[in-house]
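# Structural characterization, general
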Amino acid sequence: MSTLSLPRLPGIALDGRALAWRIAPWLLPLSLYALWHLGAAQGWISPQVLPPPSYVWDTLRDLAASGDLWLNLRASMMRVIIGFACGSLLGLVLGAAMGLWRPLQAYLLPSFNALVQIPVLAWLPFVLLLVGIGEPLKYILIAKAALVPVTLNTLQGFRLASPALREVARVYGYTRRQEVLEVILPLATPTIFTGLRLGFTKAWLSLVVVELVASSEGLGYLIVYGRQLFQLDLVMAAVIVVGAVGYAIDRLLDWSETRFIGRRGASAVQGEEA
């Protein structure tokens with residue numbers, strides 16, 4: 001007896017697989033949120049230790065309505081933008097210089113690798129003695145955190161152009177500037193963007209750490225203030241904002257990388273066709 005089989009629909013199968021890939025990253029955070037909600041409802045953990053989600057959302061709403069959230073978020077964003085910009089700029093220059101001039105790399109890289117092993121908090125007392133407890137302290141430590149991954153990834157990216165490829169460029173009459181802009185830099189761009197994303201992650205983490213230690217405003221200060229008053233709902237609300245803002249900016253950097261590399265690829269194709 002023959003059975004009737006329905007034809008396969010590849011389009012639907014592919015759409016279902018794509019939907020599953022989109023949903024997959026949300027499974028873990030949603031599961032943790034459900035466990036948090038269930039634990040609070042069942043009284044597994046004291047509300048003074050882990051407040052229910054409703055308390056945290058109410059606190060977050062009150063912070064936004066009073067303006068305290070935006071005041072502290074603005075202070076944190078200004079610090080991380082200035083520190084990240086300074087550290088990234090210095091890292092790009094330093095990494096490119098070491099990648100282009102081998103003697104400079106031989107002189108600087110061993111010492112640089114030794115210094116980067118020292119965590120940000122270990123530099124805090126020394127920088128505190130030099131510049132005091134004001135904003136420059138935060139800028140310097142955030143810049144140092146961003147400097148390390150940006151420098152190392154830029155150096156690695158500039159190493160991707162093999163000596164043979166650079167020799168071919170010279171045979172074709174490329175100047176030093178053309179060699180860097182048209183041969184080395186296109187190969188290094190994806191690695192440089194990876195360094196910028198890692199640099200921002202390090203800068204954002206360092207921002208919170210610095211504000212936990214020495215600050216009177218900012219998201220890190222909110223966490224310390226909530227802990228001192230034993231208001232764990234305020235601590236959780238500030239932690240959620242830190243995670244959400246950091247994730248959003250990381251996605252923005254990823255989108256910028258995709259657009260920039262895609263635009264460069266399209267320009268290269270058009271140049272070859274012309």
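Report follows, based on the coordinates. (Residues numbered from 1 in each chain as written. Predicted model: local features only at pLDDT ≥ 70, side-chain atom pairs only at ≥ 80, totals over all residues. Heavy atoms only, no water.)

### Digging into the packing of helix 3 (residues 68-100) against helix 6 (residues 135-159)
The geometry of helix 3 relative to helix 6 is characterised by a closest axis approach of 6 Å and an angle of 35° between their N-to-C directions. You can see that helix 3 and helix 6 cross each other, and the crossing is right-handed. When its residues are assigned to classes, the contact of helix 3 with helix 6 shows 19 nonpolar, eight polar and three charged. (Axes fitted to C-alpha atoms, helices over the stretch in contact; angles between N-to-C directions. Helix = DSSP H or I, 4+ residues; strand = E, 2+ residues; numbered from the N terminus. Left-handed = near helix turned anticlockwise from the far one by under 90°. Nonpolar A, V, L, I, M, F, W, Y, C, P; charged D, E, K, R; others polar.)

### Comments concerning helix 6
The terminal C-alpha atoms of helix 6 lie 36 Å apart, and with 25 residues this matches the ideal 36 Å at 1.5 Å per residue to within 8%. Its axis deflected by about 25° at L147, helix 6 carries its strongest bend there, up to four residues before the proline P149. Within helix 6, 18 of the 25 residues are buried, leaving the element largely enclosed by the surrounding structure. (Expected span 1.5 Å × (residues − 1). Bend = angle between axes of the 7 residues up to and from the residue. Buried < 20%, exposed > 50% of the residue type's maximum accessible area, 1.4 Å probe, protein only.)

### Details of the layout of surface pockets
Considered as a void within the structure, the largest pocket measures approximately 690 Å³ in volume. Contributions of two or more residues to the lining of the largest pocket are made by helix 1 (10-42) and helix 10 (232-273). Among the elements that take part in the lining of the largest pocket, helix 1 stands out by supplying seven residues, more than any other. Considered class by class, the residues forming the lining of the largest pocket number 14 nonpolar, one polar and no charged. Volume-wise, the second largest pocket comes out at about 190 Å³. At the level of secondary structure, the elements contributing two or more residues to the lining of the second largest pocket comprise helix 6 and helix 8 (176-213). Counted by class, the lining of the second largest pocket contains nine nonpolar, one polar and two charged residues. (1 Å grid on protein atoms, 1.4 Å probe; cavity = no way out; pocket = protein on both sides within 12 Å on 5 of 7 lines; lining within 4 Å. Points joined across faces, edges and corners; volume = space filled by probe spheres on them.)

### Structural notes on the environment of I184
In this fold, I184 is placed in helix 8. Considering only alpha carbons, one finds I184 and R159, 25 residues apart in sequence, at a separation of 8.2 Å. Beyond its immediate chain neighbours, meaning those up to four positions away, I184 contacts L100, F158, A161, R166 and E179. (Contact = heavy atoms within 4.5 Å.)

### Here we look at the side chain of E211
Checked against the element boundaries, E211 lands in helix 8. Accessibility expressed as a relative area gives 1% for E211, which makes it buried. Only 2.6 Å separates the side chain of E211 from the side chain of R79, close enough to count as a polar contact. Those residues in contact with E211, other than ones at most four positions away along the chain, are S76, R79, E217, G218, L219, G220 and Y221. (Polar contact = N/O pair within 3.5 Å; in protein donor to acceptor, adjacent residues only side chain to side chain.)

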